[in-house]
Amino acid sequence: MGVGLWRLSWYHLTTMTFLVAFLLGALLIQYVRMRRVGELVERLTPAPHGSVAGAAPPAGEPPSPKPPSRDVAAHAAGETPEAAKRPWSGSLRVAAVFTETPNVKTFRLEDPQGDDIPFTFLPGQFLTFSAEIDGRTVRRSYTIASAPTQRGYVEIAVKREEQGAESRFLHDQVAVGDPLRVSGPSGAFTFTDKDADSIVLISGGIGITPMMCVTRYLNDRSYLGDIFFLHGARRPEDFVFREELDYLQKRLANLHVAATMMDASQANWPGALGPISKEFIARAVPGIARRRVHVCGPPAMMEAVKASLLELGVASDKIKMEAFGAARGRAPPTAEQPPGGLELPAQRGTNVADAPQTALPAATAQVEFTVSGKTVPLGPDQTVLEAAEAVGVDIDYSCRVGTCGICMVPLKAGAVTMDVEDGLPLEEKAKGIILACQAKSIGSLVVEA
Ligand code: FES
């Protein structure tokens, strides 16, 4: 037997070399494995509100040729996508226009390059549109009516208002192929299949759009809970999405649709008549006191419905409401409202700029805008955003209800109150940032804008 290195036999040296090589190979395999596990964990880490990673994608969702992004995967798994909280802005192309009722059209929008829509959203959120109309920039928000599970397009349903610059622009001038400037999504009036084991959706007029979004989404998610869809409109021909709801109700045992019309004298209407009353709600929804309820419509209708819900024993923390037409925190136009609390609904943002403005109490303070060098009186009921607009100081905004955070500006001096701060992260607030659309003060302010 020969003698090798360190006086070991060649047999020993060969065996040791083999064992070392085996050990290195095992370590290499383990390293590759751990990297793959790390990548998998990264992909499947749920968003803050999410919970069910790796669930099956929704039925009917078209297969994507690309690997799903984390946000798309989150939607498929019913999670809250991160991007739903990130404002996006850009251009979308009008892919189709559908006439829903004599004065409501659906606008289908797609990515100009034909990709998936470049943002994700939660059922119930809205988009803000801006356009140059008659030499001024007009911004209006419209709730998304299509489901977030639909990645190829996004749809809004818009009611044409005689006094609404943006809605008239969309109805009368926008055609298939046109680009639209869009930002969003925004809004906290959302419902996902993880939020409750049943849902009551109550809408008036064009307030039906977020409810339709939620219903379409819950259908795509094969939601097993009961969905009570209660709707009020002026006349049967104004009942937006009526055919689709009829169709869905025939297919889904858990979808219960009940509608009431203010005036059915000119139509063969088999359903209820009158406003959405306590009796109507009680008939349509068994055991309503234990259920989560979402209400959307103009303030008068919502207040009447909320009072009915409270009388029926629904706890106020189970009632979620979103007003249309009150984005500026002022009284919406009432001239067209029919009696009994049911509306001619003003769509979110529609008519706001054209609404009769109530006289503001005399200003007791002023706000100085340091960037633009302008100073303006600030009434006690006036927001910083409204004061800025009064003197042409440009502060960007979207929702005007304190949820999107787009109107954040630094407050350099003074103190403000804000009714809603949902769109203001605590760390920003700690740095002295305010929401211009919510900030009011009875003292003078200095704002960086
Ligand atoms: S505009 Fe959305 S929070 Fe002010």
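Okay, so let's go over this structure.

What counts as what
- Numbers given for residues are sequential positions, taken from 1 along each chain in its written order.
- Reporting in this predicted model follows two pLDDT cut-offs: at least 70 for local features of residues, and 80 or more for side-chain atom pairs to be given and counted; totals over whole chains, interfaces and linings ignore these cut-offs and use all residues.
- The side-chain figures draw on all heavy atoms in the structure; neither hydrogens nor water molecules are used.
- For every residue, the accessible area (1.4 Å probe, protein chains only) is compared with the maximum for its type, and the residue is labelled buried under 20%, exposed over 50%, or partly exposed between those bounds.
- Where helices and strands are cited, they refer to DSSP runs of H or I of at least four residues and of E of at least two residues respectively, numbered from the N terminus.
- Whether two residues touch is decided by their heavy atoms; if any such pair falls within 4.5 Å, the residues are in contact.
- Two strands qualify as a pair provided that DSSP identifies no fewer than 2 bridges between them.
- Each axis is a line fitted through C-alpha atoms, and for a helix only the stretch in contact is used; angles between axes span 0 to 180 degrees, taken between their N-to-C directions.
- Any Lys or Arg side-chain nitrogen found within 4 Å of a carboxyl oxygen on Asp or Glu counts as a salt bridge.
- Each angle is binned into one of four classes, with values under 35 degrees roughly parallel, values over 145 roughly antiparallel, values of 65 to 115 roughly perpendicular, and all other values oblique.
- Note on convention: near helix rotated counterclockwise from far helix by under a right angle means a left-handed crossing. Clockwise means right-handed.
- Under the scheme applied, nonpolar residues are Ala, Val, Leu, Ile, Met, Phe, Trp, Tyr, Cys and Pro; charged residues are Asp, Glu, Lys and Arg; polar residues are all the others, including Gly.
- As used in this structure description, the phrase polar contact means that two N or O atoms lie within 3.5 Å; if the pair is within protein, one of them must be able to donate a hydrogen and the other to accept it, and residues adjacent in sequence are counted only when both atoms belong to side chains.
- Expected span of a helix, by definition, is 1.5 Å for each gap between consecutive residues, and there is one gap fewer than residues.
- Residues forming no salt bridge and having over 30% relative accessible area are the ones grouped into patches, like charges within 9 Å of each other and nonpolar side chains (Val, Leu, Ile, Met, Phe, Trp, Tyr) within 5 Å.
- The protein chains shown are the only cover counted for residues, whose accessible areas, like all others here, come from Shrake-Rupley with a 1.4 Å probe.

Some remarks on helix α3 (residues 165–172)
And then number 1: Along α3, six of the eight residues are buried, which leaves the element largely enclosed by surrounding structure.
And then number 2: What α3 keeps buried is the set Ala165, Glu166, Ser167, Phe169, Leu170 and His171.
And then number 3: Against the buried residues of α3 lie β2 (104–110), β3 (126–133), β4 (136–143), β5 (154–159) and β6 (179–186).

Structural notes on the sheet that holds β5
Consider a sheet: its strands pair through backbone hydrogen bonds, and that pairing is either parallel or antiparallel.
And then number 1: Pairing within the open sheet is antiparallel, and its six strands lie in the order β4-β3-β6-β1-β2-β5. Every other strand in the sheet has two partners, leaving β4 and β5 as the edge strands with one partner each. Taken pair by pair, the neighbouring strands of this sheet meet at an average axis angle of 40°, ignoring direction.
And then number 2: Note that β3 and β4 share eight bridges and pair antiparallel.

Section: the pairing of strand β13 (residues 365–369)
And then number 1: Burial along β13 is one-sided: Ala365, Val367 and Phe369 are buried, while Gln366 and Glu368, pointing the other way, are not.
And then number 2: Where β13 lies against strand β14 (residues 374–378), five bridges are found, and the strand directions are antiparallel. Looking across to β14, one finds that Ala365 is bridged to Leu378.
And then number 3: Taking the residues between adjacent antiparallel strands as the criterion, β13 and β14 are bridged by four residues, where Gly373 takes a positive phi near 70°.
And then number 4: Here β13 runs beside strand β19 (residues 445–447); their pairing, made up of three bridges, is parallel. Bridge pairing in β19 places Glu368 opposite Val446.

Concerning the pattern of salt bridges
Side chains carrying opposite charge are able to pair once their charged atoms draw close together.
And then number 1: Taken as a whole and assessed by the stated rule, the structure comprises 16 salt bridges.
And then number 2: Residue Arg108 is joined to Glu155 by a salt bridge in which the shortest nitrogen-to-oxygen separation is 2.7 Å. Of this pair, Arg108 sits in strand β2 while Glu155 sits in strand β5, placing them 47 residues apart in sequence.
And then number 3: Here Lys159 and Glu161 are joined by a salt bridge, their closest N and O atoms 3.9 Å apart. Taken as a pair, Lys159 and Glu161 share a single burial class, namely buried.
And then number 4: Where salt bridges share partners, they join Arg108, Glu155, Arg216 and Glu244 into one cluster.

Details of the packing of helix α4 (residues 208–220) against helix α5 (residues 242–251)
And then number 1: Interaxial distance between α4 and α5 falls to 12 Å at its minimum, and their mutual angle equals 30°. Taken together, the axes of α4 and α5 are roughly parallel relative to one another. The handedness of the crossing between α4 and α5 comes out as left-handed. The segment α4 lies against α5, with Ile208, Met212, Thr215, Arg216 and Asn219 engaging Glu244, Leu245 and Leu248.
And then number 2: Among the residues forming the contact of α4 with α5, the class breakdown is four nonpolar, two polar and two charged.

Points about the side chain of Gln382
And then number 1: Mapped onto the elements of the fold, Gln382 is located in the loop between β14 and α8 (384–390).
And then number 2: With relative accessibility at 10%, the residue Gln382 sits in the buried group.
And then number 3: Within the structure, Gln382 has its side chain in polar contact with the backbone nitrogen of Gly379 (distance 3.0 Å).

Section: the environment of Val97
And then number 1: Position of Val97 relative to the elements: it lies in strand β1 (residues 88–101).
And then number 2: Expressed as a C-alpha distance, the spacing of Val97 and Arg108, which sit eleven residues apart in the sequence, is 6.1 Å.
And then number 3: When near neighbours in sequence (up to four residues on either side) are disregarded, Val97 contacts Lys105, Thr106, Phe107 and Val176.

Focus: the pairing of strand β11 (residues 292–297)
And then number 1: Among the six residues that make up β11, six are buried, leaving the element largely enclosed by the rest of the structure.
And then number 2: Of the two faces of β11, both are covered, the one formed by Arg292, His294 and Cys296 as well as the one formed by Val293, Val295 and Gly297.
And then number 3: Two strands pair when backbone bridges link them, and strand β7 (residues 198–204) and β11 are joined in this way by five bridges, in the parallel orientation. If you follow Ser203 over to β11, its bridge partner there is Cys296.

Let's talk about the side chain of Thr101
And then number 1: Within the secondary structure, Thr101 sits in strand β1.
And then number 2: Polar contacts involving the side chain of Thr101 include one to the main-chain amide nitrogen of Val104, which spans 3.2 Å.
And then number 3: Aside from chain neighbours lying at most four places away, what touches Thr101 is Glu237, Asp238, Phe239 and Val240.

Some remarks on the sheet that holds β13
And then number 1: If you trace the five strands from one edge of the open sheet to the other, you get β14-β13-β19-β15-β17, paired in mixed fashion. Two strands close off the open sheet at either side, each with one partner strand: β14 and β17 (433–435). Geometrically, the sheet is characterised by an average inter-axis angle of 35° between neighbouring strands, direction not taken into account.

Digging into α4
And then number 1: The first and last C-alpha atoms of α4 sit 18 Å apart over 13 residues, in line with the 18 Å expected at 1.5 Å per residue.
And then number 2: Of all the 13 residues making up α4, eleven are buried; the element is thus mostly covered by neighbouring parts of the structure.
And then number 3: Of the positions making up α4, those classed as buried are Ile208, Thr209, Pro210, Met211, Met212, Cys213, Val214, Thr215, Arg216, Tyr217 and Leu218.
And then number 4: Of the residues trailing α4, Ser222 is marked for its positive phi of about 55°.

A few points about the environment of Thr403
And then number 1: Position of Thr403 among the secondary structure elements: in the loop between α8 and β15 (408–413).
And then number 2: The spacing of Thr403 and Gln438 is 35 residues in sequence and 9.8 Å in space, taken between C-alpha atoms.
And then number 3: Setting aside anything within four residues of it in sequence, one finds Thr403 in contact with Phe126, Gly187, Ala188, Val420, Asp422 and Gly423.

Quick word on a nonpolar patch on the surface
And then number 1: Together, Val20, Leu23, Leu24 and Leu27 line one region of the surface with nonpolar side chains, adding up to about 410 Å² of accessible area.
And then number 2: Considering the arrangement of structural elements, one finds Leu27 in helix α1 (residues 10–44).

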